[in-house]
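Letter by letter, the chains look like this.
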Amino acid sequence: MAYHGSSFPPRFDESNLKDKIFISAIALFAEYGLNGARMEQIAERAGTTKRMVVYHFKTKENLYLQIIEYVYTMIRHSERQLNLADIPPVEAMVQLVESTFDYHADHPDFIRIICMENMQRGRFIQQSALLRDVNRSALTLLEDILHRGQQKQLFSKQVNARDVHRLMSSFSFHYVANSYSFSMLFEENDDPAAQRQYYRDMAVQVVLRYTCP
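Structure report, in brief.

Conventions we followed
Residues numbered from 1 in each chain as written. Predicted model: local features only at pLDDT ≥ 70, side-chain atom pairs only at ≥ 80, totals over all residues. Heavy atoms only, no water. Helix = DSSP H or I, 4+ residues; strand = E, 2+ residues; numbered from the N terminus. Buried < 20%, exposed > 50% of the residue type's maximum accessible area, 1.4 Å probe, protein only. Areas by Shrake-Rupley, 256 points an atom, 1.4 Å probe, with all protein chains shown as cover. Lys, Arg positive; Asp, Glu negative; His and termini not counted. Charge placed at Lys NZ, Arg CZ, Asp CG, Glu CD. Salt bridge = Lys/Arg side-chain N within 4 Å of Asp/Glu carboxyl O.

1. Details of the overall build of the protein
Item 1. Across its full length, the protein holds 10 helices and zero strands.
Item 2. Ordered by position from the N terminus, the helices and strands of the protein form the series α-α-α-α-α-α-α-α-α-α.
Item 3. Structurally, the protein occupies a C-alpha span of about 60 × 40 × 30 Å along its principal axes.
Item 4. When each of the 213 residues of the protein is scored for burial, the buried share is 46%.
Item 5. Accessible surface for the protein amounts to roughly 12100 Å². Of this, 51% is attributable to carbon and sulfur atoms.
Item 6. Charge centroids of the protein, computed over 24 positive and 25 negative side chains, lie 7 Å from each other.

As structure tokens, then:
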């Protein structure tokens, strides 16, 4: 099974050794980063040998790059699954913000891996021939929602998809990436479920206030 770009499977087969190695690597790269995770650890977690990891993925760097491609591909896939094209623009925007927030909250390994890559100044993202194409769909989706809303004078014509995506993503990203420090400093003993709903609702309000005239 070749793992690259849109050919990533929507679900992994845990009886398949290559899939087990890939799942193991996601968890270890999220925890330790490229430099901290070792091929021996990945193999041990997958119940195999380093030789088999090398057989399937050649090098640790190649495996790491494929994982970056995978985590981005999956979040873009989740956005396309919303099927927002036929939903009224404001409702579509609300659903997209809520889905984005939930995806980040439910996939903390995605956040950790992207944090690790940014600590490396995007060195591996620059090597990927497909990531820009994969992520273009995030802007295309927003452009359609904004255009439909602007035609009905529901959204400001000064707003563009890139800025809305940055706003939406940054709010969702901060909720997960800073959850430990922010909660310990400012939200002691708050109920986690209520806290998540509160910030999810806030994300929607922030994006609508930014986009609506």
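What follows picks up the thread again.
2. Here's the deal with the pattern of salt bridges
Item 1. Summed over all chains, the structure comprises 11 salt bridges.
Item 2. In this structure, K50 and E40 form a salt bridge, with 3.4 Å as the shortest nitrogen-oxygen distance. Of this pair, K50 sits in helix 3 (residues 50–57) while E40 sits in helix 2 (residues 39–46), and the two are 10 residues apart along the sequence.
Item 3. Exposure remark for K50: the relative accessible area of 40% places this residue in the partly exposed category.
Item 4. E143 is the salt-bridge partner of R136, the closest N and O atoms lying 2.9 Å from each other.
Item 5. A network of salt bridges, in which partner residues are shared, links E98, D102, D106, R196 and R200.

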